[in-house]
Amino acid sequence: MLENLLTHSAFEILTLSDRAAQALAENPWEAAGYTLLALGGTGAFLSLLGMALIYVERKVAAHFQCRLGPMRVGWHGMLQSIADALKLLQKEDIIPEKADKLLFFLAPVFSIIATVLALIIIPMSPSLQVVDLNIGVIFISAVGGFGVLGILLAGWSSNNKWSLLGAMRAGAQFISYEISVTLSLLVITLLAGSLQLSEIVQSQQDGWWIWRGHIVGVVAFFVFIISSTAELNRPPFDLPEAESELTGGFHTEYSGLRFSFFFLAEFINMFIASALGATLFFGGWMPFHIGGFETFNSIMDLIPPGLWFAGKTAFIVFLMMWVRWTFPRLRVDQLMRLEWKFLLPVGFINLFAAATIVLTKLYFFPGQ
Amino acid sequence: MGYIDTKKSTKAKVTTVGNTPINVVIAPRSPSGADSESLLTTIFKSVKSLFVGMKVTIGYLVRPSTVVTQQYPENRETLKMFDRFRGQLRLIKDENNYMNCNGCNFCEIACPNGSIVITDQRNPVNEKLELERFLWRLDSCTFCNACLQACPHDALEWSDGFEAAVYDRRLLVYTLNDYAGPPVKAINRAKKKEDRVEELLATMEPRKQYGGPVPLAGRKMPGVPALETENTKDNASPKHK
Ligand code: SF4
Ligand code: SF4
């Protein structure tokens, strides 16, 4: 295994589900162990990463605004997220009297389940991926829609006009921007010739798609990053929450643990979008390779794939935070105009350009 | 949509209001066709301005020296307030602790909400009016700075003290002068003429921070301890004004 990691020639893909399936033939307990590892690992990863991201976001935001951010709990406020999580757990759980109790209870669960479903197919390194579906890209788009179902249900079941308005905005925003996200995903699918995330990563052995696909790749990346920020309901597209107009948008009525589910889902979704961006455009865990330069490539291979993945994802996460704390917020009509009048045509043209490029093999290192 | 185009040169002209000349800047407006600038120009301009914004914020991020917030209780010893910070009103004193204020009352008149009450007395030695008590109510002061601007003798300043919270609202009424008596100018004049200096200085009486007419007259009440005030004859209405 380790040798495989060190020699760049072949990255053996071994997902947790594969291992469980292999083990099932010999020893069912081992298979159960792998399944538990996948479940527990995903759960632990979800909560730890959520807390870490919240801390980082607060620190980055503070320094963007000439502040210091959390400083009191632990060294430079490192333990602030844990303190906040403990506080959230102790909070009173309020359910509005006129709410639709069942849906009110289910909505945050839907949100978090969608997040977990998307998380499990992210290839973090050749040996660190829970399942590797052959329809990975489609799967990601599909479960993304599941997440917005949670938001819509939250808005509807709260029986509150702000929640409903926020939820409807979220729905409209998601439906609109999902098209652009899918169009940019399709560009990479065309270039890589596969829907399977691990194969898309493997296809970038000679160079990442953002520069192998030159103009098309860059345009697709920008369309992807703009529209996935919009899908995540992050500022500058935070209309569903819109603190200034809708108090809290779809989660106005939520408190305590249920609210923390939405909050956690939002931050993990940011990670997923960044990880997806890194996987599709920056080669995922694939080290930085330039086709043909063997020495250079093997030096790059010395850095483990997990680190490459973490670094690229962190870069995109930082980009999203940077945008969030810099850009002015959009109005609802401007939001729709940006999507339908700008991003959508650009996305379509880009897709045609990508198809042309693939047919004529105009991208870099087409031979290999 | 008319906006002020700061890039274009501004013209200035002088008008007079009453007798005061006032500089008026005529801001150039964009021509009414500004909205019809081409779509590409608009896009280019907007994208460029977004990147300018990103450059500004990353500048703040990479330079921790730009942080303006203070870690207050920790750096209490070293905390330096800013030049224009308005903490608490204070009378300026020279090295001998003589004050500039001569009780001219201008600040009391200037104060928009009666936060200053000045009491004067006539000095028996040089027969001049002088400050007897400078009463300042922090609880009603709006820190508008009008008193400082009104003072013709440069006698007032703002201190850095911002820890003004107290447990009893009577403690928010301060006597700012620590003595009732001649201001530094009168003392200097007497010294110059060598005219009854000792006698003049002997007329100075001490004043405590909490003295004079404080709310509830400094009385003890259930749950409120008595306030230490000086001679309570001061609590009566001013002697002369
Ligand atoms: S700052 Fe304004 S309100 Fe306060 S004492 Fe001076 S004049 Fe009155
Ligand atoms: S502080 Fe200034 S304005 Fe006020 S009484 Fe004293 S000298 Fe006059």
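In this text the structure is predicted, and so the values were computed from the model without any measurement.

Peer 1: Quick question: what am I supposed to make of the interface of chain A and chain B here?
Peer 2: How big an interface is tends to be reported as the loss of accessible area on association of its parts. Between chain A and chain B, the residue contacts involve 16 residues of the former and 16 residues of the latter. Of the roughly 1,500 Å² buried at the junction of chain A and chain B (both faces included), carbon and sulfur atoms supply 74%. At the surface where chain A touches chain B, the tally comes to one salt bridge. One salt bridge in this structure joins Glu74(B) and Arg72(A), with 2.7 Å as the shortest N-O distance. Our count for the contact surface shared by chain A and chain B stands at six residue pairs in polar contact (both at pLDDT 80 or more).

Peer 1: Could you clarify how one ought to interpret the site of ligand 1 in this entry?
Peer 2: Residues in close proximity to ligand 1 total 14 residues, the closest being Cys111(B), Cys141(B), Cys144(B), Asn145(B) and Cys147(B). Of the residues contributing to the shell around ligand 1, the split by class is ten nonpolar, four polar and no charged.

Peer 1: Which parts of the structure should I look at to understand the nonpolar core?
Peer 2: General note: in soluble globular proteins, nonpolar side chains tend to be found buried as a group. Residues Phe221(A), Met270(A), Phe271(A), Ile272(A), Leu280(A) and Phe281(A) are the most contacted members of the largest nonpolar core, which totals 72 residues. At 13 residues, helix 12 (residues 256-281) of chain A tops the list of elements feeding residues into this core. Other than its neighbours up to four places away in sequence, Ile272(A) contacts Thr115(A), Ala118(A), Leu119(A), Ile122(A) and Ile140(A). Counting residues in hydrophobic clusters, the runner-up holds 31 residues, among them Leu131(B), Trp136(B), Tyr179(B) and Ala190(B).

Peer 1: How do you make sense of the site of ligand 2 when you look at a structure like this?
Peer 2: For ligand 2, the set of nearby residues contains 14 residues, the closest of which are Cys101(B), Cys104(B), Asn105(B), Cys107(B) and Cys151(B). Class assignment for the residues of the shell around ligand 2 results in ten nonpolar, four polar and no charged.

Peer 1: Explain the confidence of the model for chain B here, please?
Peer 2: Fine structural detail should not be taken from predicted coordinates in areas where pLDDT scores are low. Residues and elements named next belong to chain B. Looking at chain B, pLDDT values average 80 and 81% of them are 70 or higher. Low pLDDT (under 50) marks residues 231-241, which in the prediction has 16 contacts with non-local residues, meaning those over four places away or in another chain. With a pTM of 0.76, the predicted complex shows an ipTM of 0.73.

Peer 1: What is the right way to look at the packing of aromatic side chains in this model?
Peer 2: All names here are of chain A. Under the criterion given, the structure shown has 21 aromatic pairs over all chains. Aromatic pair Phe-221 and Phe-222: ring centres 5.9 Å apart, planes at 70°, arrangement edge-to-face. A residue is classified by how much of its surface remains accessible, and Phe-222, at 46% relative accessible area, is partly exposed. A centroid spacing of 5.5 Å and a plane angle of 25° characterise the contact between Phe-259 and Phe-263, whose relative ring orientation is stacked. Residue Phe-259 and its partner Phe-263 are both found in helix 12; the two are separated by four residues, about one turn of the helix. On the basis of relative accessible area, Phe-263 is assigned to the partly exposed category, the value being 30%.

Peer 1: Quick question: what am I supposed to make of the pattern of salt bridges here?
Peer 2: Side-chain pairs of opposite charge can arise whenever the charged atoms involved come near each other. Scanning all chains against the criterion turns up 14 salt bridges over all chains. Arg329(A) is paired through a salt bridge with Asp238(A); the nearest N and O atoms lie 2.5 Å apart. Taken together, the positions of Arg329(A) in the loop between helix 14 (305-324) and helix 15 (332-360) and Asp238(A) in the loop between helix 10 (214-231) and helix 11 (243-246) put the pair 91 residues apart, joining distant regions of the chain. Residue Arg329(A) is classed as partly exposed on the basis of its relative accessible area of 32%. Looking at Asp238(A), the relative accessible area reads 14%, which means it is buried. Linking Arg90(B) and Glu157(B) is a salt bridge whose minimum nitrogen-to-oxygen distance equals 2.9 Å. Here Arg90(B), found in strand 3 (residues 89-91), pairs with Glu157(B), found in strand 6 (residues 156-158); they are 67 residues apart in sequence, far enough to count as distant. The partly exposed category is assigned to Glu157(B), whose relative accessible area is 26%. Here the residues in one salt-bridge network are Glu57(A), Arg234(A) and Arg324(A), joined through shared partners.

Peer 1: Whenever I open this one, unusual backbone geometry confuses me. Can you help?
Peer 2: A negative phi angle characterises most non-glycine residues, just as the trans form characterises most peptide bonds. Residues and elements named next belong to chain B. One non-glycine residue, Glu-127, lies in positive phi territory at about 60°. When its relative accessible area of 53% is taken as the criterion, Glu-127 is described as exposed. Residues other than glycine seldom take positive phi values, yet Phe-143 does so here, at roughly 55°. Tracing the backbone shows Phe-143 in the loop between strand 5 (129-137) and helix 3 (146-150). By relative accessible area, which is 25% here, Phe-143 ends up partly exposed.

Peer 1: Just to check I follow, could you spell out the sheet that holds strand 7 (residues 173-175) of chain B for this structure?
Peer 2: All names here are of chain B. Strand order in this open sheet of three strands is 4-5-7, and the pairing throughout is antiparallel. Whereas interior strands pair on both sides, the edge strands pair on one side only; in this sheet they are strand 4 (116-122) and strand 7. Strand-to-strand, the axes of this sheet are offset by a mean angle of 20°, without reference to chain direction. Direction of pairing for strand 5 relative to strand 7: antiparallel, over a ladder of three bridges. Paired with Leu-135 across the two strands is Thr-175, which belongs to strand 7.

Peer 1: Explanation requested: the packing of helix 12 of chain A against helix 14 of chain A in the structure shown.
Peer 2: Two packed helices can be described by the angle between their axes and the distance between those axes. All names here are of chain A. At their nearest, the axes of helix 12 and helix 14 sit 8 Å apart, and the two run at 120° to each other. Judged by the angle between their axes, helix 12 and helix 14 are oblique. Helix-helix and strand crossings are classified by hand; for helix 12 and helix 14 the assignment is right-handed. Of the residues in helix 14, those in contact with Met-270, Phe-271, Ala-273, Ser-274, Ala-275, Gly-277, Ala-278 and Thr-279 of helix 12 are Phe-309, Lys-312, Thr-313, Ile-316, Val-317, Met-320 and Met-321. Counted by class, the contact of helix 12 with helix 14 contains ten nonpolar, four polar and one charged residues.

Peer 1: Explain a positive patch on the surface here, please?
Peer 2: All names here are of chain B. Together, Lys-128, Lys-185, Arg-189 and Lys-193 make up a region of like positive charge exposed at the surface. Considering the arrangement of structural elements, one finds Lys-185 in helix 4 (residues 184-193). For Lys-185, a relative accessible area of 54% gives the class exposed.

Peer 1: How should helix 1 (residues 39-62) of chain B be read in this particular structure?
Peer 2: The periodicity of an α-helix, 3.6 residues per turn, causes residues three or four places apart in sequence to face the same way. Here helix 1 of chain B contains 24 residues, and its C-alpha end-to-end distance of 35 Å stays within 8% of the 34 Å for a straight helix at 1.5 Å per residue. Listed in full, the buried residues belonging to helix 1 of chain B are Met54(B), Thr57(B) and Gly59(B). Along its buried surface, helix 1 of chain B packs onto helix 3 (28-64) and helix 14 of chain A.

Parameters at a glance
- Residues numbered from 1 in each chain as written.
- Chains lettered and ligands numbered in written order.
- Predicted model: local features only at pLDDT ≥ 70, side-chain atom pairs only at ≥ 80, totals over all residues.
- Heavy atoms only, no water.
- Contact = heavy atoms within 4.5 Å.
- Buried area = accessible area lost by both parts, 1.4 Å probe.
- Salt bridge = Lys/Arg side-chain N within 4 Å of Asp/Glu carboxyl O.
- Polar contact = N/O pair within 3.5 Å; in protein donor to acceptor, adjacent residues only side chain to side chain.
- Near = heavy atom within 4 Å.
- Nonpolar A, V, L, I, M, F, W, Y, C, P; charged D, E, K, R; others polar.
- Core = buried A, V, L, I, M, F, W, Y, C linked by side-chain atoms within 4.5 Å.
- Buried < 20%, exposed > 50% of the residue type's maximum accessible area, 1.4 Å probe, protein only.
- Helix = DSSP H or I, 4+ residues; strand = E, 2+ residues; numbered from the N terminus.
- pLDDT = per-residue confidence, 0-100.
- Phe/Tyr/Trp six-rings, centres within 6.5 Å; stacked < 30°, edge-to-face > 60°.
- Pairing = 2+ DSSP bridges.
- Axes fitted to C-alpha atoms, helices over the stretch in contact; angles between N-to-C directions.
- Parallel < 35°, antiparallel > 145°, perpendicular 65-115°, else oblique.
- Left-handed = near helix turned anticlockwise from the far one by under 90°.
- Patch = residues over 30% accessible without salt bridge, like charges linked within 9 Å, V, L, I, M, F, W, Y side chains within 5 Å.
- Areas by Shrake-Rupley, 256 points an atom, 1.4 Å probe, with all protein chains shown as cover.
- Lys, Arg positive; Asp, Glu negative; His and termini not counted.
- Charge placed at Lys NZ, Arg CZ, Asp CG, Glu CD.
- Expected span 1.5 Å × (residues − 1).

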